[in-house]
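This is what each chain is made of:
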Amino acid sequence: MRNALGLMLASVVAAVVIAAGGWFYYSARADQGAPKTVAARAADPLPAPAKLVARDDVETTATVAARPTAFAQAPAPAPAMPMQPKQACANPNALGVSRVVEIDTTGGPGFGFDHFKQFDFLTDKEVVLTFDDGPWPVNTPAVLKALADECTKGLFFSVGKHATYHPEILRQVLAQGHTVGTHTWSHVNLNGKKMTEQMAKDEVEKGISAVKFALGANPAPFFRFPQLQHNPAIVSYFGTRNVAMFSTDIDSFDFRKGATPEKIIETVMTRLDKLGKGIILMHDFQKHTGEALPALLARLKAGGYKVVQMKAKTTLQTLPEYDEALMKDMKVPTASTTQRPISSVVQTVSQ
């Protein structure tokens, strides 16, 4: 009897020990597997809203988006380009620049539907402001002031001779952020009866060298034919030189006899309202253009139009033989045939 009672008591004690051990084992595993929690940290304060950028401080956009490649390896980040100082716009209601397009001029593309039907890159209510024949005293500065007052940008096609006459004005065009292309040496009709292919090439290349000489830098590889006379041989030649050619969509006819600021504005706006967009041809060489421009820009703004600036992906390298010929014609004394930029010759070491 005593043995049976002892055996029963031992069984009860063993059961209690086993149950306690199991509880301890599973509670310990639960503690290890459960995620540990910490007190929530106060959220970081949100950054203050960024100030609106100036109207002429816009992102560069390409005319053609890159084609996506499936499962392509992400490219390594490109080295950062040095930041250029941005000019603040003093006019809060300025027309400004809506976007900047960068042009790859490989093969000599053409723009302006009066002659070229390839690249319809403007959207509705977008315009490009272009100016021919400068630089010229009084008239070009008047155009620059009107553009600066509206914090907007244009594309200037400079005549080589005029660039050598007034290099300081052409440098001002570039310094204010406008794009500078070329327009031959002497504004001659490249389709003239006595014009040979070599003469036409000389006119083009000497004009490019002259603009480079005036700017102290290579111009954009952008060209407009004088009188919009497209010489077939030069059109082909520009394909090998990778120079983009410009015609127009809207001609202001500001060069015509009897042109007035009022007529220029109505000519442009009538045609523009019909087309809805386009490249506008004007002349910073003409007095009435500078007079018309403030009111014309106001009309564009009131009509909901936006300005697109065109820039080139690369600059246009001059040909050494034409640089040398220009130096000789201008009787500029030089010890070498290659013009060096001013910054490589003269540097400020203290101020």
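See the structure printed just above.
To start, this report covers the structure provided alongside it. (Residues numbered from 1 in each chain as written. Predicted model: local features only at pLDDT ≥ 70, side-chain atom pairs only at ≥ 80, totals over all residues. Heavy atoms only, no water.)

**Notes on the overall build of the protein**
To keep things clear, this is the line we draw: Starting at the N terminus, helices and strands are each numbered in turn, a helix being any DSSP run of H or I of at least four residues and a strand any DSSP run of E of at least two. Relative accessibility thresholds used throughout: buried, under 20% of the residue-type maximum; exposed, over 50%; partly exposed, between the two (1.4 Å probe, protein chains only). Only heavy atoms enter the contact rule, under which two residues are in contact if any of them lie within 4.5 Å. Where accessible areas are quoted, they stem from the Shrake-Rupley method and a 1.4 Å probe; at the residue level, only the protein chains shown are allowed to cover.
Helix and strand counts for the protein come out as 10 helices and 11 strands. Counting over 351 residues, the protein shows a buried share of 40%. Within the protein, contacts between residues at least 6 apart in sequence are counted, and of these 81% link residues at least 24 apart. Only carbon and sulfur atoms are counted for the fraction: they give 60% of the accessible area of the protein, which is about 21200 Å².

**Points about the pairing of strand β10 (residues 278–283)**
Counted only if it meets this: Pairs of strands are assigned from DSSP output, requiring at least two bridges between the strands. With its strands directed away from the observer, a crossover is right-handed exactly when the path from the first strand over the helix to the second travels clockwise.
β10 sits mainly inside the fold: 6 of its 6 residues count as buried. Both strand β4 (residues 126–132) and β10 contribute to a ladder of 6 bridges, which runs parallel. Bridging across to β10, Val128 finds its partner in Ile279. Here strand β9 (residues 250–251) pairs with β10 via 2 bridges, running parallel. Paired with Ile250 across the two strands is Ile280, which belongs to β10. Remark: the β9/helix α7 (residues 261–275)/β10 crossover connection has right-handed handedness.

**Digging into the environment of Thr240**
What counts is decided by this rule: As used in this structure description, the phrase polar contact means that two N or O atoms lie within 3.5 Å; if the pair is within protein, one of them must be able to donate a hydrogen and the other to accept it, and residues adjacent in sequence are counted only when both atoms belong to side chains.
Along the polypeptide, Thr240 turns up in helix α6 (residues 232–241). On the accessibility criterion, Thr240 (61% relative accessible area) is exposed. Between the alpha carbons of Thr240 and Gly107 there is a distance of 6.3 Å; along the sequence they are 133 residues apart. Engagement of the side chain of Thr240 in a polar contact is seen with the backbone oxygen of Tyr237, the distance being 2.6 Å.

**Describing the environment of Met245**
When you line up the elements, Met245 lands in strand β8 (residues 244–246). Separated by 64 residues in the primary sequence, Met245 and Gly181 place their C-alpha atoms 9.9 Å from one another. If we ignore the near neighbours within four places in the chain, the residues touching Met245 are Gly108, Pro109, Gly110, Phe111, Phe116, Phe223, Phe225, Val235 and Phe238.

**Some thoughts on the state of the cysteines**
How we decide: For this text, the term disulfide refers to a pair of cysteine sulfurs within 2.5 Å.
A complete count under the given rule lists 1 disulfide for this structure. Through a disulfide, Cys89 is tied to Cys151; the S-S separation comes to 1.9 Å. Of note, the bridge from Cys89 to Cys151 carries an S-S torsion of about 90 degrees and is right-handed in sense. With a gap of 62 residues between them, Cys89 in the loop between β1 (60–62) and β2 (99–103) and Cys151 in the loop between α2 (139–149) and β5 (155–158) connect regions that are remote in the sequence. Neither Cys89 nor Cys151 differs from the other in exposure class; each is buried.

**Description of the pattern of salt bridges**
As a reminder of what qualifies: In the sections that follow, a salt bridge refers to a side-chain nitrogen of Lys or Arg positioned within 4 Å of a carboxyl oxygen of Asp or Glu.
This model, assessed by the stated rule, comprises 10 salt bridges. The partner of Glu150 in a salt bridge is Lys301, with the nearest N and O atoms 3.4 Å apart. Within this pair, whereas Glu150 is found in the loop between α2 and β5, its partner Lys301 is found in helix α8 (residues 287–302), the two being separated by 151 residues in sequence. For Glu150, a relative accessible area of 11% puts it in the buried group. According to the relative accessible area criterion, Lys301 is partly exposed, its value standing at 33%. Its salt-bridge partner being Arg299, residue Glu266 comes within 3.0 Å of it at the nearest N-O pair. Pair noted here: Glu266 is in helix α7 and Arg299 is in helix α8, with a separation of 33 residues, a long-range link. For Glu266, a relative accessible area of 41% gives the class partly exposed. Classification of Arg299 as partly exposed rests on a relative accessible area of 33%.

**As for the packing of helix α4 (residues 167–175) against helix α5 (residues 197–215)**
Using the following cut-off: Fitting a line to C-alpha atoms yields each axis, with helices limited to the stretch in contact; the angle taken between N-to-C directions then spans 0 to 180 degrees. Under this scheme an angle from 65 to 115 degrees is roughly perpendicular, one under 35 degrees roughly parallel, and one over 145 degrees roughly antiparallel; angles in between are oblique. Ten residues, namely Ala, Val, Leu, Ile, Met, Phe, Trp, Tyr, Cys and Pro, are considered nonpolar, four, namely Asp, Glu, Lys and Arg, are considered charged, and the remaining ones, Gly among them, are considered polar.
Two numbers describe how α4 lies on α5: the axes approach to 8 Å, and their chain directions differ by 80 degrees. The angle between α4 and α5 places the two elements in the roughly perpendicular class. Between α4 and α5, the residues in contact are Pro167, Leu170, Arg171 and Leu174 and Val211, Ala214 and Leu215, respectively. In the contact of α4 with α5, the residues fall into 6 nonpolar, no polar and 1 charged.

**Side note on the environment of Gly276**
In this fold, Gly276 is placed in the loop between α7 and β10. Residue class for Gly276 comes out buried when judged on its relative accessible area of 10%. On a C-alpha basis, the gap between Gly276 and Val127 in space is 8.8 Å, while along the polypeptide they are 149 residues apart. Aside from chain neighbours lying at most four places away, what touches Gly276 is Asp124, Lys125, Glu126 and Tyr305.

**Quick notes on the packing of aromatic side chains**
Any pair of aromatic rings gets described here by the distance separating the centres and the angle formed by the planes. Put simply, the rule is: Aromatic contacts are taken between Phe, Tyr and Trp rings whose centres are within 6.5 Å, Trp giving its six-membered ring; a plane angle under 30 degrees counts as stacked, one over 60 as edge-to-face, and the others as tilted. Lysine and arginine charges are scored as sitting over a ring when NZ or CZ, respectively, is within 6 Å of the ring centre and within 35 degrees of the ring normal.
Within this structure, the stated rule accounts for 12 aromatic pairs. On the basis of an interplanar angle of 35 degrees and a centroid distance of 6.3 Å, the ring pair of Tyr237 and Phe238 is categorised as tilted. Taken as a pair, Tyr237 and Phe238 share a single burial class, namely buried. Through pairs of rings, three or more aromatic residues link up here, namely Phe111, Phe119, Phe121, Phe157, Phe222 and Phe246. Between the NZ or CZ atom of Lys125 and the centre of the ring of Tyr305, over which it lies, the distance is 4.2 Å. Looking at Arg256, its charged tip hangs above the ring of Phe253, at a distance of 3.9 Å from the centre.

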